[in-house]
Amino acid sequence: MAEIQIKGVAKRFGAFTALHQIDLTIADQEFMVLLGASGCGKTTLLRIVAGLETPSQGEVWIGGRRVDHLPPRKRGIAMVFQNYAVFPHLTVYENIAFGLRMQKQPQSEIDQRVRRTAEMMHIEQLLERYSGQLSGGQRQRVAVARALAMEPDVILMDEPLSNLDALLRLEMRAELKGVLADSKTTAIYVTHDQVEAMSLADRIAVMHQGRIVQAAPPVEVYRNPAARFVGSFIGNPPMNFLPAKKLGADQFIVAGSAIKGPNASGDIEFAIRPEDMAIGPGGIPATVRVVEPLGAHTLVTTDVDGKIFRAVLDSNIEASCGDILSLVPRADRIRWFDPQSTSAIQ
Amino acid sequence: MTAVTNDVPAVPATVTDARKAGSGLMIACIVVLCVWVLLPIYLLLVNALSSPAEVTSFPKRIIPSFDFGSLSFFLNFQGVGKALWNSVAVALLTMVLSIGIGAPAGYALSRFDFPGKEAFRFLVLMTRAFPLPLLALPLAVLFIRTGLDDTAFGLAIVHTTLSLPFAVLITFSLFSGIPVELEEAAWTLGCNRWQAFRKVVLPLALPGIAASAVFAFTISWNEVFAAAVLTIENRTLTAFLLQSINVSPLYLKFAGGAALVVPALIFIFAVRRYLFAMWGIANR
């Protein structure tokens, strides 16, 4: 049982605040992904949980035990680093056995666990090799096997797939998900890749400028962004935003047409995902700028009141540059944001 | 350039001429430098490997006769054995002291951020700015007072101050070349700071540390001024040769010179890769 609780953690580097008051609870065996652009503080937060960085304030609890004053070796964690950090002077076998030898496990147990995790990561034929003789993907497998062999309560991963090429990344992603689900450890996984985050996570914590903007299951984060940033960061192409002028109690003017919205005191912002629109009468008038057929769909980039507005439409549409389309948003998929606080309005 | 078919040169003639002149100048410089360094070594070796009679005769041989008369005379010369032993003892002590002090300093420079780090790096180099004669006299007085004069340990301390900057800078670049993630990985796998250093950093740094040690050894081995001033009875080989150079025959000087130069040359050649690394020059 290893629930992770991050309570009011802040980190300052001199005058720069990397993390503001982070509160996050990660349930036992949950796969939590910290997602954000570079410099948002996600790696710093992971390193604080690992014990490689000390928080300026706040507490970290793992499995009901306060650990923020403990060195990494006493936290019951294992970590996978972005550049693998496979020890170059040791064989793959000794790399995986390293942590077990530190725990003074009996030789038979070490051998058994090394072989089992090596098999799990499909590197059993590489055990006698050195890191210099391995490819990037193989090194990554060694790094994961080394962490899993420890049978930790918590496994921490810092962009483990970012140095791999696209195809290998896809393969490793699926494999990691399976292996980690079987290992029943709590996992924190840092990435800037939203597809990786969506596909792996039980829950995604979207970080922006040292704050957690939203922590929710992937589909929830995608469908109901808690803030404008989440909508614009997640999704490719990102969410569309248009200003909505207040007309009546819950009526707003968006690009010339009246749409029913929430109760708000002033002007707000209208948002819709590109795939949640269809061509039909009485929609948003959009001037086509670029048409990109992608096979399954066609991505149409248009111009609405001087703002870029994208729609993912059926691939049989016939539109060319300069055409004016009438795009009808799906009513249940429209989201509204407060332009001041940028948070979502229900 | 091969695509040029007609008589028009691809580059104007003046430019080609300038290039030719430039490469000619470079080759000339290289030749001069090589001769500058290699000729004395060559003459030293030829004479050291000739019989005493050949050393004083004329014309000289181009290829030495490989007569070990001079060398064996030198090695059996009164006091040479003891001086040789003193040189080795002082050099070994210097080696241990400079690595013992220099390697931790290099590690700290590469791994920790502390106020005055840049100033410290600069000051480490600055220690080489003081001419040794300036320091030797006060040191001699101090050593006589503390009883360190005429001891191998006392001289080794002075030699350590000479070799320490290099030990610090070589180990600094060495430790900087070892990713900090390797250490962090070791910490997460159950190591404390010292264990991570011993099990991960040290094995990776060991060849470089050995090189840095050999370099410290060579600095001490070659040093003559402090050795001559600070020792009387326990002379090192350099100081011993300096003292007896005027009263000894020519072939003894050559043999002694070769005995000093050859080990130093071999050592420096063996560790050249790490000395280049210290100055940030790409090696291999």
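Presented here is an overview of the structure given in this document.

Procedures and definitions
Residues numbered from 1 in each chain as written. Chains lettered and ligands numbered in written order. Predicted model: local features only at pLDDT ≥ 70, side-chain atom pairs only at ≥ 80, totals over all residues. Heavy atoms only, no water. Helix = DSSP H or I, 4+ residues; strand = E, 2+ residues; numbered from the N terminus. Buried < 20%, exposed > 50% of the residue type's maximum accessible area, 1.4 Å probe, protein only. Areas by Shrake-Rupley, 256 points an atom, 1.4 Å probe, with all protein chains shown as cover. Lys, Arg positive; Asp, Glu negative; His and termini not counted. Charge placed at Lys NZ, Arg CZ, Asp CG, Glu CD. Contact = heavy atoms within 4.5 Å. Buried area = accessible area lost by both parts, 1.4 Å probe. Salt bridge = Lys/Arg side-chain N within 4 Å of Asp/Glu carboxyl O. Phe/Tyr/Trp six-rings, centres within 6.5 Å; stacked < 30°, edge-to-face > 60°. Pairing = 2+ DSSP bridges. Polar contact = N/O pair within 3.5 Å; in protein donor to acceptor, adjacent residues only side chain to side chain. Expected span 1.5 Å × (residues − 1).

### Overview of the overall build of chain A
Move 1: Looking only at helices and strands, chain A has eight helices and 20 strands in total.
Move 2: Its C-alpha atoms give chain A principal-axis dimensions of about 75 × 45 × 35 Å.
Move 3: Expressed as a percentage of its 346 residues, the buried residues of chain A come to 51%.
Move 4: With the model as given, the accessible surface of chain A reaches about 15,300 Å², and the carbon-plus-sulfur share is 51%.
Move 5: Averaging the positions of the 37 positive and the 38 negative side-chain charges in chain A gives two centres separated by 6 Å.

### Looking at the interface of chain B and chain A
Move 1: Facing 16 residues of chain B, the contacting portion of chain A comprises 18 residues.
Move 2: The junction of chain B with chain A conceals about 1,600 Å² of combined surface from both sides, 75% of it contributed by carbon and sulfur atoms.
Move 3: The three residues of chain B that bury the most area against chain A are B:Glu184, B:Thr188 and B:Leu189, which together make up 39% of that side's buried surface.
Move 4: Summed over the shared surface of chain B and chain A, the number is one salt bridge.

### A few points about the packing of aromatic side chains
Move 1: Under the criterion given, the structure shown has 15 aromatic pairs over all chains.
Move 2: Considering the side-chain rings of A:Phe229 and A:Phe233, the 5.3 Å spacing of their centres and the 15° angle between planes classify their relative orientation as stacked. One end of the pair is A:Phe229 and the other is A:Phe233, both in helix H8 (residues 228-233) and four residues apart, which spans about a single turn. With respect to class, A:Phe229 is no different from A:Phe233; both count as buried.
Move 3: Where B:Phe175 meets B:Phe197, the ring centres are 5.9 Å apart and the plane angle is 55°; that geometry is what we call tilted. Pair noted here: B:Phe175 is in helix H7 (residues 152-176) and B:Phe197 is in helix H9 (residues 193-222), with a separation of 22 residues, a long-range link.
Move 4: In this structure B:Phe197 comes out as buried when scored by relative accessible area, which is 15%.
Move 5: The structure contains a cluster of three or more aromatic residues connected by ring pairs, namely B:Tyr107, B:Phe112, B:Phe175, B:Trp194 and B:Phe197.

### Observations concerning the pairing of strand E16 (residues 297-304) of chain A
All names here are of chain A.
Move 1: Of all eight residues in E16, six are buried; the element is thus mostly enclosed.
Move 2: Here eight bridges tie E16 to strand E17 (residues 307-314), and the two strands are oriented antiparallel to one another. When the bridges of E17 are listed, His 297 appears paired with Asp 314.
Move 3: Remark: two residues form the turn of the hairpin made by E16 and E17, two consecutive strands paired antiparallel; Asp 305 in that turn has positive phi of roughly 50°.

### Digging into the environment of A:Arg203
Residues and elements named next belong to chain A.
Move 1: Looking at the element boundaries, Arg 203 is found in strand E9 (residues 203-208).
Move 2: C-alpha of Arg 203 to C-alpha of Leu 34: the two residues are 169 residues apart in sequence and 8.9 Å apart in space.
Move 3: Those residues in contact with Arg 203, other than ones at most four positions away along the chain, are Thr 25, Ile 26, Glu 30, Phe 31, Met 32, Val 33, Ala 215, Ala 216, Pro 217 and Pro 218.
Move 4: Here the side chain of Arg 203 touches Glu 30 through a polar contact of 2.6 Å, side chain to side chain.

### A closer look at helix H6 (residues 132-146) of chain B
Because an α-helix completes one turn every 3.6 residues, residues spaced three or four positions apart along the sequence face the same direction.
All names here are of chain B.
Move 1: The terminal C-alpha atoms of H6, which comprises 15 residues, lie 20 Å apart, in line with the 21 Å expected from a rise of 1.5 Å per residue.
Move 2: Every buried residue belonging to H6 is among Leu 132, Ala 136, Ala 140 and Phe 143, and all of these are buried.
Move 3: The inward-facing, buried residues of H6 abut H7 and helix H10 (225-230).

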